[in-house]
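For reference, the chains in residue letters:
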Amino acid sequence: MPRATLSISLPDGIWIRDVSRTHSEAVFEIVTALAGEQAGIALLNLTTDDPLPILTAIEQRSDVVDVELLWKQEETALLQVEATSPPLLLPMWQAGVPIRLPFSIQNGEATWELVTSSSRFSALGEALEAAGIEYTLESVAEIGTTQADRLLTDRQQEVMTTALEAGYYATPREATLTDVADRLNVSKATCSDVLHRAEGSIISWFADEQFGPASEPRSHLER
């Protein structure tokens, strides 16, 4: 079952695409949305220096049936918008794929996170292409794989497991690096290098979990 993150380039004809590109600094967070064949309704948080000019721009759109300002405080506003332009979430509805809410839109680009079956994931791709919506698959992982599978190569897992079983990470240490290398029938330098890379991956994952990613993540196959 895939867990995926997609970057969506909003197509022409959708009000939020044009407004968000005109006001590229603004962030539109879709809190909830209802998609139909002919219209869509969305509840969204708008974050920008001054929400009022954007509210005016939305009201002036011919494809917007109604817009209500539900709440406003300084740089944040809560809006409900009903529009007749092709609903952005219609391909999701057609493919039967639930999307994680809220999701954000900025400068004509949306970021979607979803979990679904492989068949529905394929159907979503077809629905997006049929609607002329360009997208980039930012990440995909199979739910059910272990954290080690995502962090470490098979070789790194083998070496680290051997080190654990030998007591290399015990306190006090019950095996030396040479002992681990002998068990694996590799040189001490090779064993040290593989363990160092594995430990680096685990530490980087821990840092990202605690403090947020400091840089773009790399696949373990690039290490």
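What counts and what doesn't
- Residues numbered from 1 in each chain as written.
- Predicted model: local features only at pLDDT ≥ 70, side-chain atom pairs only at ≥ 80, totals over all residues.
- Heavy atoms only, no water.
- Helix = DSSP H or I, 4+ residues; strand = E, 2+ residues; numbered from the N terminus.
- Contact = heavy atoms within 4.5 Å.
- Pairing = 2+ DSSP bridges.
- Expected span 1.5 Å × (residues − 1).
- Buried < 20%, exposed > 50% of the residue type's maximum accessible area, 1.4 Å probe, protein only.
- Arc of directions from axis to C-beta.
- Salt bridge = Lys/Arg side-chain N within 4 Å of Asp/Glu carboxyl O.
- pLDDT = per-residue confidence, 0-100.
- Axes fitted to C-alpha atoms, helices over the stretch in contact; angles between N-to-C directions.
- Parallel < 35°, antiparallel > 145°, perpendicular 65-115°, else oblique.
- Left-handed = near helix turned anticlockwise from the far one by under 90°.
- Nonpolar A, V, L, I, M, F, W, Y, C, P; charged D, E, K, R; others polar.
- Patch = residues over 30% accessible without salt bridge, like charges linked within 9 Å, V, L, I, M, F, W, Y side chains within 5 Å.
- Areas by Shrake-Rupley, 256 points an atom, 1.4 Å probe, with all protein chains shown as cover.

Before going further, it helps to spend a moment on the environment of Leu124. With respect to the helices and strands, the residue Leu124 is situated in helix α4 (residues 118-130). Separated by 31 residues in sequence, Leu124 and Trp93 have C-alpha atoms that sit 9.0 Å apart. Not counting residues up to four positions away in its chain, the partners in contact with Leu124 are Pro91, Met92, Ala95, Val97 and Leu114.

Tracing the chain through its elements places Leu55 in helix α2 (residues 51-59). For the pair Leu55 and Glu68, spaced 13 residues apart in the sequence, the C-alpha separation amounts to 9.0 Å. Look past the residues within four positions of Leu55 in its chain and what remains in contact with it is Val67, Leu69 and Leu79.

As paired strands, strand β2 (residues 27-35) and strand β3 (residues 40-47) are joined by 8 bridges and run antiparallel to one another. Within β3, the position partnered with Thr32 by the bridge is Leu43. Summarising the sheet, β2 and strand β6 (residues 103-106) pair through 3 bridges and their orientation is antiparallel. When the sheet's bridge partners are listed, Ile30 is paired in β6 with Phe103.

Here the focus is α4. With 13 residues, α4 ought to run about 18 Å at 1.5 Å a step, and its terminal C-alpha atoms sit 19 Å apart, in line with that. Residues Phe121, Leu124, Gly125, Ala127 and Leu128 constitute the buried set of α4. Seen along its axis, α4 keeps its buried residues to an arc of 165°; they face one direction. Turned more than 90 degrees away from the buried face of α4, the exposed residues are Ser119, Glu126, Glu129 and Ala130. Remark: Gly132 follows α4 within two positions and exhibits a positive phi of approximately 70°.

All right, on to the pattern of salt bridges then. Side chains carrying opposite charge are able to pair once their charged atoms draw close together. Counted according to the given criterion, the structure contains 7 salt bridges. In this structure, Arg61 engages Asp18 in a salt bridge whose closest nitrogen and oxygen atoms are separated by 2.7 Å. Placement of Arg61 in the loop between α2 and β4 (64-73) and of Asp18 in helix α1 (residues 15-22) is noted, with a sequence separation of 43 residues between them. Residue Arg61 is classed as partly exposed on the basis of its relative accessible area of 22%. In this structure, Arg100 and Glu113 form a salt bridge, with 3.1 Å as the shortest nitrogen-oxygen distance. Taken as a pair, Arg100 in the loop between α3 (90-95) and β6 and Glu113 in strand β7 (residues 109-115) lie far apart in primary sequence, 13 residues in all. Accessibility expressed as a relative area gives 45% for Arg100, which makes it partly exposed. Its relative accessible area of 36% is what places Glu113 among the partly exposed residues. What you see here is one network of salt bridges that share partners, running through Asp12, Arg17, Asp18, Arg61 and Asp63.

Let us now look at the confidence of the model for the chain. Across the chain, pLDDT averages 84, with 86% of residues at or above 70. A low-confidence stretch, residues 215-223 stays under pLDDT 50, and its non-local contacts, those more than four residues away or across chains, total 10 contacts.

Below, the discussion takes up the packing of helix α6 (residues 154-166) against helix α7 (residues 177-184). Interhelical geometry of α6 versus α7 gives an angle of 125° and a closest axis separation of 10 Å. Judged by the inter-axis angle, α6 sits oblique to α7. When the axes of α6 and α7 are compared, the crossing they make is right-handed. Seen from α6, the contacting residues are Arg155, Glu158, Val159, Thr162, Ala163, Glu165 and Ala166; seen from α7, they are Val180, Arg183 and Leu184. Among the residues forming the contact of α6 with α7, the class breakdown is 5 nonpolar, 1 polar and 4 charged.

To continue, consider the pairing of β7. In β7, alternate side chains face the same way, and those of Ala110, Trp112 and Leu114 are buried while those of Glu109, Thr111, Glu113 and Val115 on the opposite face are not. Where β6 folds back on β7, the antiparallel hairpin that results is connected by 2 residues, among which Asn107 adopts a positive phi of roughly 55°.

There is a patch of nonpolar side chains on the surface, built from Ile202, Trp205 and Phe206 and spanning about 260 Å² of accessible area. Relative to the helices and strands, Phe206 resides in helix α8 (residues 188-211).

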